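Residue-level structural notes
One letter stands for each residue in the lines below.
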Amino acid sequence: MAQESTYRSSAAGRSRTSTRHGGQGRGAGRSSVEKTILGVPERFMKPRLILIAAVVILTCFGFLMVYSASSITSLASEALGNDPAYYLKRQLIFAALGTGLAVFIAKSDYHLWGKTLVRIIWILTILLLLAIFLPIAGADAYGATRWIAIGPFTLQPSEFAKITIILVAADLAERYYDEQVMGFTEFVKNLAVFVGVPLALILLQPDKGSTLIIGATLIVMGYLAGMDRRWILLVLGVGIVGVLAISLKDDYSRARIVAVLNPWSDPTGSGYQLIQGFYAFGSGGLFGVGIGMSKQKYSYLPMAYNDFIFAVVGEELGLVGTLGLLAAFGVLAWAGFRIARYAPDMCGRLIAAGCTSLIIIQLLVNVCGVLGLIPLSGKPVPFVSYGGSTIMSCLMLVGMIVSVSKRSTLPETVHDRSRQSWQFADGDDGTRGAAPAAGPGISLVGSPTPRSSRQRGERGGSGSGLRMVDGGGQGRPQPRQRGGSNGRSSRQGRYEGGRIDLGPSAAERLRGRGSGRGDGRRGRN
């Protein structure tokens, strides 16, 4: 009812504005909020607003948890200036940059990134991934070379390569499955080059976590594009075998697998971080110990503000807080896939679904690792964990989803195509208060006109479309015969004067069912 009253009041305001200004356009009195929100169909605007709200809530919650989890570490570090808000300040800077990029992407057409500039973006991504291996640019940390040092900041190209791979895969899938402009062999070759090369460079860092996340996202996109399930199962099986083979190759990855199976076998080594995370969850209980009251962040739990921030959430907010965080991501997933459902083409659908899937899969990889269900991958929680490249890339993914939503349109029906040919009779454009020209697929007949001020006796011109034909210009029709007239003579009277009589008048209908049937008195009591 509130929505209905809102629409009624806005409609009334538009009518009064049109009356005061003498035939101005219908949108003359609309506010910017009404044009931005109320002027968009609910199926498009509702998931868009829910997506933005979920991202804002998760990001703000991330600021709070980053400060809570990192304040003790930064306060005790002289290298960080003993500033408890050191990591929070940096996270705010990266979030501001990511928000600016997200807004820019959302306002632009996603076809610009997924079609026009996709090859240029791919080349820049490859250059960044190659720069990691250069001694003058690459930065080693935690047993891998994944960062590029830029002054006091570090950039992780693999986080931005995820977006590039989604754009390339969506473009190739649309050209093969929808447009059908390439054969199967060409499609496979393009996948090997434009998707396989960046994946291989990410795996060589090594960054098996990002490779796993991107691979799972590509499988979801392939399923939505219509790939044969046998091929999907084959790719999935080969991927699992390949990840296991690579993980068992080096001692560092084998130690993580052993830690998952039995972390207490090496409680001060490979299983230390996982055990401390278990202590955090156990201390939190159902409702947690309170925001800022975590004990594990006092240098007991390594990377408490990054990889293991989910454990700090469990300690400070308990089981309820962790389930609430997962529920927020569930809402984000619903909104993202809803936007993908109403995307205008396959490219937009795959981009929206791919970006949403990547965020959710990365969340699941982190949560399952912290809970000891899969080996630790070092992947942070999107929007919540500390990390400049992560927060920026995640916000850019959201901007891409919003861009798809803003370009979604209602499908054109046969009625819409018919209304495009509607027009006024000759000479009526200036006398009937015609509305301004509508956009493609929409045709407006004109402003409402009171019955008392409508003109009579007009004839349509020679134009085509919806016109008034023989509207009574040659005289008034003959009145109906009431007494003793048969049906044939009555029907003839209805068509005299070149006009069709659609039935009795309102006054005659009020006289009862018997009027017009010969006696004129039946139906009255």
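Before reading further, recall that the structure is shown in the block above.
Quick summary incoming for the structure in this document.

Further remarks concern helix H9 (residues 208–225). Because an α-helix packs 3.6 residues into every turn, residues spaced three or four apart end up facing the same way. Its 18 residues give H9 an end-to-end C-alpha distance of 25 Å, which sits within 8% of 26 Å, the value for a rise of 1.5 Å per residue. Residues of H9 that are buried in the fold lie against helix H7 (157–178), helix H8 (184–203), helix H10 (229–247) and helix H14 (346–370). Immediately downstream of H9, the backbone of Gly226 shows phi near 105°, a positive value.

Right, let's get into the packing of helix H3 (residues 42–75) against helix H4 (residues 86–107). Between H3 and H4, whose axes approach to 7 Å, the crossing angle comes to 145°. Contact residues: H3 offers Phe63, Val66, Tyr67, Ser70 and Ser74, while H4 offers Tyr86, Tyr87, Leu88, Gln91, Leu92 and Ala95. Looking at the contact of H3 with H4 residue by residue, the class counts come to eight nonpolar, three polar and no charged.

Here we come to unusual backbone geometry. The step from Gln205 to Pro206 runs through a cis peptide bond, and the omega angle for that step is -5°. One can find Pro206 in the loop between H8 and H9. Phi at Met303 is positive, roughly 55°, even though this residue is not glycine. Mapped onto the elements of the fold, Met303 is located in the loop between helix H12 (272–284) and helix H13 (309–341). A positive phi is found at Phe383, a non-glycine position, where the angle reads about 70°. Along the polypeptide, Phe383 turns up in the loop between H14 and helix H15 (388–406). By relative accessible area, which is 1% here, Phe383 ends up buried.

To continue, consider the pattern of salt bridges. Inspection of the entire model under this criterion finds ten salt bridges. Glu159 is the partner of Lys162 in a salt bridge, and the nearest nitrogen-oxygen pair spans 3.2 Å. Highlighted residues: Lys162 and Glu159, both in helix H7, separated by three residues, approximately one helical turn. Neither residue differs from the other here; Lys162 and Glu159 are each classed as buried. Across the pair Asp171 and Arg175 runs a salt bridge whose closest N-O atoms are separated by 3.8 Å. Of this pair, Asp171 and Arg175 both sit in helix H7, four residues apart, which is roughly one turn of that helix. Accessibility assignment for this pair places Asp171 and Arg175 in one class, buried. Each of Lys115, Asp171, Glu174, Arg175 and Glu179 takes part in one network of salt bridges that share partners.

If you walk through the whole model with that rule in mind, you get 15 aromatic pairs. For the ring pair Tyr86 and Tyr87, a centre distance of 5.2 Å and an interplane angle of 85° mean the geometry is edge-to-face. Among the residues examined, Tyr87 registers a relative accessible area of 11% and is labelled buried. The interplanar angle of 70° and the centroid separation of 5.9 Å between the aromatic rings of Tyr305 and Tyr386 together place this pair among those described as edge-to-face. Pair noted here: Tyr305 is in the loop between H12 and H13 and Tyr386 is in the loop between H14 and H15, with a separation of 81 residues, a long-range link. Residue Tyr386 is classed as buried on the basis of its relative accessible area of 10%.

Residue placement: Ile163 occurs in helix H7. For Ile163, a relative accessible area of 8% translates into the label buried. Along the backbone, Ile163 and Gly354 are 191 residues apart, and their C-alpha atoms lie at a distance of 9.0 Å. With residues near it in sequence (within four places) discarded, Ile163 still touches Ser393, Met396, Leu397 and Met400.

About the thresholds
- Residues numbered from 1 in each chain as written.
- Predicted model: local features only at pLDDT ≥ 70, side-chain atom pairs only at ≥ 80, totals over all residues.
- Heavy atoms only, no water.
- Helix = DSSP H or I, 4+ residues; strand = E, 2+ residues; numbered from the N terminus.
- Expected span 1.5 Å × (residues − 1).
- Contact = heavy atoms within 4.5 Å.
- Axes fitted to C-alpha atoms, helices over the stretch in contact; angles between N-to-C directions.
- Nonpolar A, V, L, I, M, F, W, Y, C, P; charged D, E, K, R; others polar.
- Buried < 20%, exposed > 50% of the residue type's maximum accessible area, 1.4 Å probe, protein only.
- Salt bridge = Lys/Arg side-chain N within 4 Å of Asp/Glu carboxyl O.
- Phe/Tyr/Trp six-rings, centres within 6.5 Å; stacked < 30°, edge-to-face > 60°.

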